[in-house]
Amino acid sequence: MNLEMLTQPIVRSAIQALQQGDHSAWLAQFSPDLTFTDEGLPANFLKFSEHAMGHERFTSIDRVENQGLDIYGAFHSDRWGDFETFFKFQLGGDGKIRQLDIGQVSPMG
């Protein structure tokens, strides 16, 4: 899958690591004090990461918004199946990702 539409370098690095199932490269993109939500609820980022690596990935990226920080697309999870999802990133002053919000895209988009 072409990641060229991901114009924010750290977001591209994070998604590339997710796509490749590279746990250490994925974690390297995030601040130690990361805030993480799944479907709007606080969640355990390290637990999510352990389960996701090698088992979850985008199958297509349909649109990128908010200066490259919000990604929408088709997603595959070995556990949950296929669905439309969003990943919304916020960067910290250290240049790493300080917040990640993920969830399913509602039918109304």
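With an unreviewed UniProt entry as reference, the chain is termed SnoaL-like domain-containing protein, source organism Chromobacterium amazonense.

K.L.:
Help me understand helix α1 (residues 9-20), please; the structure alone is not making it clear to me.
P.N.:
Think of an α-helix as 3.6 residues a turn; residues three or four steps apart then line up on the same face. Here α1 contains 12 residues, and its C-alpha end-to-end distance of 16 Å stays within 8% of the 16 Å for a straight helix at 1.5 Å per residue. The set of residues buried in α1 consists of Ile10, Val11, Ala14, Ile15, Ala17 and Leu18. Taken end-on, α1 shows its buried residues confined to a sector of 155°, consistent with a single buried face. Relative to its buried face, α1 has exposed residues pointing more than 90 degrees away, namely Pro9 and Gln20. One or two positions beyond α1, positive phi appears at glycine 21, with a value near 70°.

K.L.:
It is not clear to me how the nonpolar core should be interpreted in this structure. Could you clarify?
P.N.:
One broad trend across soluble globular proteins is that nonpolar side chains are buried collectively. Counting 26 residues, the largest nonpolar core has Ile15, Leu18, Trp26, Phe30, Phe87, Phe89 and Leu100 as the members making the most contacts within it. Going through the elements one at a time, α1, β1 (30-38), α3 (45-52), β3 (56-65), β4 (70-77), β5 (81-91) and β6 (97-104) are the ones with two or more residues in this core. It is α1 that provides the largest number of residues to this core, a total of 6 residues. With residues up to four places along the chain from it excluded, the contact list for leucine 18 reads Trp26, Ala52, Met53, Glu56, Phe58, Phe75 and Phe87.

K.L.:
Got a minute to help me understand the pairing of β6 in this structure?
P.N.:
Judged by how many residues are buried, β6 sits mostly within the fold: 6 of 8 residues are covered. The sheet contact formed by β1 and β6 spans 5 bridges and is parallel. Paired with phenylalanine 36 across the two strands is leucine 100, which belongs to β6. Connecting β5 to the antiparallel partner β6 that follows it, the hairpin turn spans 5 residues, and glycine 95 within it adopts a positive phi of roughly 80°.

Reading the values: rules and limits
Residues numbered from 1 in each chain as written. Predicted model: local features only at pLDDT ≥ 70, side-chain atom pairs only at ≥ 80, totals over all residues. Heavy atoms only, no water. Helix = DSSP H or I, 4+ residues; strand = E, 2+ residues; numbered from the N terminus. Expected span 1.5 Å × (residues − 1). Buried < 20%, exposed > 50% of the residue type's maximum accessible area, 1.4 Å probe, protein only. Arc of directions from axis to C-beta. Core = buried A, V, L, I, M, F, W, Y, C linked by side-chain atoms within 4.5 Å. Contact = heavy atoms within 4.5 Å. Pairing = 2+ DSSP bridges.

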